[in-house]
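Letter by letter, the chains look like this.
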Amino acid sequence: MKLCVLVPGLVPGLVLVLALVLTVCVARSPYQAVLQHSRIRGRQQGPNVCAMQQIKGTDKKYFTNCKQWYHRKVCGKPTVITYECCPGYEKIPGEKGCPHVVFVVVVPQEILDALVSNVNIELLNALHYHMVNRRLTSEELRHGSSFASMYQDLHVHIHHYSNGVVTVNCARLIKPDQHATNGIVHVVDRVITAISNDVNTLIDVDDDLETLRTAIAAAGLTPMLESEGQYTIFAPTNEAFEKIPQETLNRILGDPVALRDLLNYHILKQMQCAESVVSGTPMETLQGSVLEVGCDGDQMTLNGKAIITKKDQLGTNGVIHYINELLIPDSAKTLLELAEGSPVTTATKLFVEAGLSPHLMGSEALTMLAPQNDAFKEPVCLRLMTNHMLKETLSSKSLYHGQELETLGGLKLRVFVYRNNLCIENACIAAHDKTGRYAAMFTVDKVLTPPMGTIMDVLKADDRFSVLVGAIQTAGMTELLNQQRALTFFAPTNDAFNTLPRAELNKLLRNQQELSVMLRLHLGEGMLVSGGVGSHTRVKPLQGEKLELGVRNYTVYVNKVPVADADLMATNGVVHAVGSIIRPLRESRCLVV
């Protein structure tokens, strides 16, 4: 009889030299890739030598891939390189490397007879569960496969992972293909236990998961967790639910859509045993969002937090890891909850002070434009906060150039799409959208200042531009700056005019034609807010060839002149104050001899 034996390594009480790791070797599989890389790194030590990464202070060793080889870390812990025989080979005294194919003895019949005669049935059953009544090489241990064991035909389950780790019932395969005269031994890192229940049954019988069990039933997820699959469930304990404010918990439990999203956010689309995790990896949930599953030493982590209290509770259709914190996805949150933990606490406080709490906690379809904390450099009128709330739920991906958005305050805001940025009036998107149960939140880089008049109105209302206003009137350009079009005006302040010699300034201000030429060089076609300026941005002026813009140390420059005050919004354009008169750029010419 030919056997395949899964041997748990260094298990007290077993006389056998059993070190079990079920390796799934399929051509070009991730396991084969890391094994090959380990062979390459170990070849200078002789034939069939593999380089291994051993976590310092432990006995845990891993075949190494290229990334791990250079980082020298597993689960955030430093590793040292060791060399040992590759799977299936052993050393011969006096010879270099590992030239000899290893053969082991697979559980002699006399040992089995002794176990039966000593009535050690539990140990015998455990041993039988590590055996498959056929010869299986590592190449036949394919991902997702399962094989009936010699204990009541209960199956052992094989899983491969992209980092090269292979598990058998969540035990890591460490040495495959140890050939014997009557079978093959695959060494795993611990004793594996028989599984016969699905994950829903495991949840159903654990009193520590009572609240979760009730929530699963209310959300109608029981049939899914009873069906075939390869799920990973991060199961919140009763304690985890108790940490949530009762009002928030009641709202979610009473909302079938939010509850389903909450639970699906705790379930991965694929099976992920703890031993398969060697570094932080983003993994998609059934809810559609991503969790970062990682590790820190022996602890498994979620989104960087060590909240997993029990690992690898294996069912026939997946694995359960217990967690002591409830994970609430954005899709189950109100606007107020979306803002929590984001760098918009100042804006959130102002929304509340402005009396907008019912909108932040309600079920309206809204989009909140939330300025980052560092955007508040001076006091803000609370009345203006209504202009940061849009009357529909939006996605930034669906916005288009020239689109108009209506606010709760009744104003229309314009959308500007640039090569490097997406802006609503002067405020540009600074982070990914957050979409809640009913509403969405855009984090923006500035406090939004809606237009209150034409360019001419903006200039007249600001004492810094009194000389400019007179110059515009002299040049006969008042009507141009009141027209409904899209212009960008780099507006010289009084200080800019005063930098000119007095005689030159007086001559300029009396000459209509020269004034018109100078001012038109300061006027660009189209709307360009400061957030739309890239490293090499060009604007076509009304007079001249081009204006060249760039950003240096958070300051916008136009033809090398710094912008002193950007983004004074108007209904027909935008004004940027400059402290110097802009001159045409001189083209460099090469002298040809």
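Residues numbered from 1 in each chain as written. Predicted model: local features only at pLDDT ≥ 70, side-chain atom pairs only at ≥ 80, totals over all residues. Heavy atoms only, no water.

Another aspect to go through is the environment of Ala-258. If you trace the backbone, Ala-258 turns up in helix H10 (residues 256-264). Separated by 74 residues in the primary sequence, Ala-258 and Ala-332 place their C-alpha atoms 4.6 Å from one another. Ala-258 has contacts with Ile-252, Ala-332 and Arg-437, leaving out every residue within four places of it along the chain. (Helix = DSSP H or I, 4+ residues; strand = E, 2+ residues; numbered from the N terminus. Contact = heavy atoms within 4.5 Å.)

Below, the discussion takes up the UniProt feature "domain: EMI" (unreviewed entry) in the chain. When the UniProt feature table is mapped to this numbering, "domain: EMI" (unreviewed entry) covers residues 46-100. Across residues 46-100, helical content stands at 11% and strand content at 44%; the span's end C-alpha atoms are separated by 12 Å. (UniProt positions renumbered as here; feature names shortened; annotations may be inferred.)

Here the focus is the packing of helix H6 (residues 210-219) against H10. Close contact between H6 and H10 brings their axes to 9 Å; oriented N to C, the two are set at 125 degrees. Judged on the interaxial angle alone, H10 and H6 are oblique. Between H6 and H10 the crossing geometry is left-handed. When H6 is examined against H10, the residues Leu-212, Ala-215, Ile-216, Ala-218 and Ala-219 are found in contact with a partner set consisting of Leu-259, Arg-260 and Leu-263. Split into classes, the residues belonging to the contact of H6 with H10 amount to seven nonpolar, no polar and one charged. (Axes fitted to C-alpha atoms, helices over the stretch in contact; angles between N-to-C directions. Parallel < 35°, antiparallel > 145°, perpendicular 65-115°, else oblique. Left-handed = near helix turned anticlockwise from the far one by under 90°. Nonpolar A, V, L, I, M, F, W, Y, C, P; charged D, E, K, R; others polar.)

Once that is clear, we can look at the pairing of strand S20 (residues 308-315). Two faces make up the sheet, and in a regular strand the side chains alternate between them. In terms of strand pairing, S20 meets strand S21 (residues 318-323) through five bridges, oriented antiparallel. Counted as the bridge partner of Lys-310 is Tyr-322 from S21. What sits between the antiparallel neighbours S20 and S21 is a turn of two residues. (Pairing = 2+ DSSP bridges.)

Using the criterion set out here, one finds two aromatic pairs in the structure. Judged by centre distance (6.0 Å) and plane angle (75 degrees), the ring pair of Tyr-31 and Phe-63 falls under edge-to-face. Note that Tyr-31 is positioned in helix H1 (residues 30-42) and Phe-63 in strand S3 (residues 61-63), a separation of 32 residues in sequence. Accessibility assignment for this pair places Tyr-31 and Phe-63 in one class, buried. Between Lys-310 and the ring centre of Tyr-322, over which it is positioned, the NZ or CZ distance is 4.5 Å. A cation sits over an aromatic face here: Arg-437 above Tyr-438, 4.5 Å from the ring centre. (Phe/Tyr/Trp six-rings, centres within 6.5 Å; stacked < 30°, edge-to-face > 60°. Buried < 20%, exposed > 50% of the residue type's maximum accessible area, 1.4 Å probe, protein only. Lys NZ or Arg CZ within 6 Å of the ring centre and 35° of its normal.)

Our focus in this paragraph is the pattern of salt bridges. It is possible for side chains of opposite charge to pair when their charged atoms get near one another. Counted under the stated rule, the structure contains 21 salt bridges. A salt bridge links Lys-77 to Asp-296, with the nearest nitrogen and oxygen atoms 3.5 Å apart. You can see Lys-77 sitting in strand S5 (residues 77-85) and its partner Asp-296 sitting in strand S18 (residues 290-296), a full 219 residues away along the chain. The exposure class assigned to Asp-296 is partly exposed, which follows from its relative accessible area of 40%. (Salt bridge = Lys/Arg side-chain N within 4 Å of Asp/Glu carboxyl O.)

The next thing to look at is the sheet that holds strand S4 (residues 73-74). Taken in spatial order, the four strands make up an open sheet running S3-S2-S5-S4, and their pairing is antiparallel. Edge strands, defined here as strands with exactly one partner in the open sheet, are S3 and S4. Relative to S3, strand S2 (residues 49-55) runs antiparallel, the two sharing three bridges. Its bridge partner lying in S3, Gln-54 is registered against Lys-61. The strands that H1 touches are S2, S3 and S5; relative to S2, the one it contacts most, it runs at about 105 degrees.

Although it is not a glycine, Asn-559 adopts a positive phi angle of roughly 45 degrees. Examined against the element boundaries, Asn-559 turns out to sit in the loop between strand S34 (555-558) and strand S35 (561-570). Taking relative accessible area as the criterion, Asn-559 reaches 7% and is therefore assigned buried. Positive phi outside glycine occurs at Asp-567, with the angle close to 65 degrees. Position of Asp-567 among the secondary structure elements: in strand S35.

What follows deals with the sheet that holds strand S27 (residues 427-428). What the four strands build is an open sheet, ordered S24-S25-S26-S27; its pairing is antiparallel. Unpaired on one side and paired on the other, strand S24 (404-406) and S27 mark the two borders of the sheet. In the sheet, strand S26 (residues 422-424) pairs with S27 via two bridges, with the strands oriented antiparallel. For Cys-423, the partnering residue across the bridge sits in S27 and is Cys-428.

Within the largest apolar cluster, 30 residues are counted, with the highest numbers of intra-cluster contacts made by Leu-459, Leu-468, Ile-472, Leu-481, Phe-489, Leu-519 and Val-575. Only helix H14 (455-460), helix H15 (466-474), strand S30 (487-492), helix H16 (494-498), helix H17 (502-510), helix H18 (512-521), S35 and strand S36 (573-578) provide two or more residues apiece to this core. (Core = buried A, V, L, I, M, F, W, Y, C linked by side-chain atoms within 4.5 Å.)

Before going further, it helps to spend a moment on helix H12 (residues 345-353). Those residues of H12 that sit buried are Ala-347, Thr-348, Leu-350 and Phe-351. Buried residues of H12, seen end-on, are gathered within an arc of 165 degrees and therefore sit on one face of the element. Its buried side turned inward, H12 meets helix H11 (335-339), helix H13 (357-361), strand S22 (367-371) and strand S23 (389-390). Two residues or fewer past H12, Gly-355 is found with a positive phi of approximately 80 degrees. (Arc of directions from axis to C-beta.)

Looking now at the pairing of S30. Taken across its six residues, S30 has six buried, putting it largely inside the fold. By the bridge criterion, three bridges tie S30 to strand S31 (residues 523-525) in an arrangement that is antiparallel. In the strand pairing of S31, Phe-489 is matched with Leu-523. Examined bridge by bridge, S30 and S36 share six bridges and lie parallel to one another. Looking at S36, one finds that Leu-487 is bridged to Gly-573.

For the rest of this paragraph, the subject is the state of the cysteines. In a disulfide, the sulfur atoms of two cysteines are covalently bonded to one another. Scanning the entire structure with this criterion turns up five disulfides. Across a sulfur-sulfur distance of 2.0 Å, Cys-423 and Cys-428 are joined as a disulfide pair. One disulfide, between Cys-423 and Cys-428, carries an S-S torsion of 85 degrees and so falls in the right-handed class. Just as Cys-423 is buried, Cys-428 falls in that class too. Along the chain, the cysteines that take part in disulfide bonds pair up as 1-4, 2-8, 3-5, 6-7, 9-10, counted in sequence order. (Disulfide = S-S within 2.5 Å.)

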